[in-house]
Amino acid sequence: GEDEEQMCLLEGSNLTISCLCTRQYASSLKAWQRVRSRGPPETLVRTDTRNADLNLAQARRYLLEDDPTEVTFRVSVRELQRQDVGLYQCVIDLSPRTPVVLPPWIRLVPCEGEQPRWGRLWRLRS
């Protein structure tokens, strides 16, 4: 089974996700992707340098902050919108080779009621 984390999408709010990678990929390019039901994932933001200190990449409402010394990178999405509902993944971009997908997948779901709800799902990837 694969790890999938479900997060409640509150329109207009901001979201920050931390992606944990290993030392092996500390200086690799990083990306945040939306996973579609068919076709390849859509890359929303990706780093384009291998800066060893702090590496920032911004595209539209997406900001990726890579901190190789902490072997994590953070993805922030500003002003969530209803159409942001869906499945996302943090990846190590090894172009032209296949990227390494970092668990967990993040599924943004509409909030029920006013309070954001956080949950965890274990699901087989089809």
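Scope of this entry: the structure provided in the associated data block. As the structure is a computational prediction, the values presented were derived from the model and not from experiment. (Residues numbered from 1 in each chain as written. Predicted model: local features only at pLDDT ≥ 70, side-chain atom pairs only at ≥ 80, totals over all residues. Heavy atoms only, no water.)

**Examining the sheet that holds strand β7 (residues 72-77)**
No. 1: Pairing is antiparallel across the open sheet formed by four strands, whose spatial order is β2-β7-β6-β5. Here the strands that pair on one side only, and so sit at the sheet edges, are β2 (15-20) and β5 (55-59). Strand after strand, the sheet turns through a mean of 15° between neighbouring axes, direction not considered.
No. 2: Relative to β7, strand β6 (residues 62-67) is paired through six bridges, and the arrangement is antiparallel. (Pairing = 2+ DSSP bridges. Helix = DSSP H or I, 4+ residues; strand = E, 2+ residues; numbered from the N terminus. Axes fitted to C-alpha atoms, helices over the stretch in contact; angles between N-to-C directions.)

**Comments concerning the packing of aromatic side chains**
No. 1: Considering all chains together, one arrives at one aromatic pair under this definition.
No. 2: Seen in terms of ring centroids, W32 and Y88 are 5.3 Å apart; in terms of plane orientation they differ by 5°. Their pairing is stacked. Taken together, the positions of W32 in strand β3 (residues 29-35) and Y88 in strand β8 (residues 86-93) put the pair 56 residues apart, joining distant regions of the chain. With respect to burial, W32 and Y88 carry one shared label: buried. (Phe/Tyr/Trp six-rings, centres within 6.5 Å; stacked < 30°, edge-to-face > 60°. Buried < 20%, exposed > 50% of the residue type's maximum accessible area, 1.4 Å probe, protein only.)

**Here we look at the state of the cysteines**
No. 1: Summed over all chains, the structure comprises two disulfides.
No. 2: There is a disulfide in this structure between C8 and C111, and the S-S distance comes to 1.7 Å. Measuring the twist about the S-S bond at about 140°, one finds the C8-C111 disulfide to be right-handed. Pair noted here: C8 is in strand β1 (residues 2-9) and C111 is in the loop between β9 (100-110) and β10 (118-123), with a separation of 103 residues, a long-range link. (Disulfide = S-S within 2.5 Å.)

**Considerations on the environment of S37**
No. 1: Its place among the elements puts S37 in the loop between β3 and β4 (42-46).
No. 2: S37 sits 50 residues away from L87 along the chain, and the two C-alpha atoms are 9.1 Å apart.

**With respect to the pairing of β4**
No. 1: Strand direction decides the pairing type here: β3 and β4, joined by four bridges, are antiparallel. Counted as the bridge partner of A31 is R46 from β4.

**A word on the environment of T72**
No. 1: You can see T72 is positioned in strand β7.
No. 2: For the pair formed by T72 and T22, sequence separation is 50 residues and the distance between their alpha carbons is 8.2 Å.
No. 3: Among all residues touching T72, those that are not within four sequence positions of it are C19, L20, C21, E65, D66 and D67. (Contact = heavy atoms within 4.5 Å.)

**Considerations on the pattern of salt bridges**
A pair can form between side chains of opposite charge whenever their charged atoms are brought close.
No. 1: Throughout the structure, instances matching the rule amount to seven salt bridges.
No. 2: Between E11 and R82 there is a salt bridge, with the nearest N and O atoms lying 3.0 Å from each other. A residue pair is termed long-range when its members are at least 10 positions apart, and E11 in the loop between β1 and β2 and R82 in the loop between β7 and β8 qualify at 71 residues.
No. 3: Taking the relative accessible area as the measure of exposure, E11 reaches 48% and is therefore partly exposed.
No. 4: A salt bridge links R46 to D93; its shortest N-O distance comes to 2.6 Å. Of this pair, R46 sits in strand β4 while D93 sits in strand β8, and the two are 47 residues apart along the sequence.
No. 5: Taking the relative accessible area as the measure of exposure, R46 reaches 33% and is therefore partly exposed.
No. 6: What makes D93 buried here is its relative accessible area of 12%. (Salt bridge = Lys/Arg side-chain N within 4 Å of Asp/Glu carboxyl O.)

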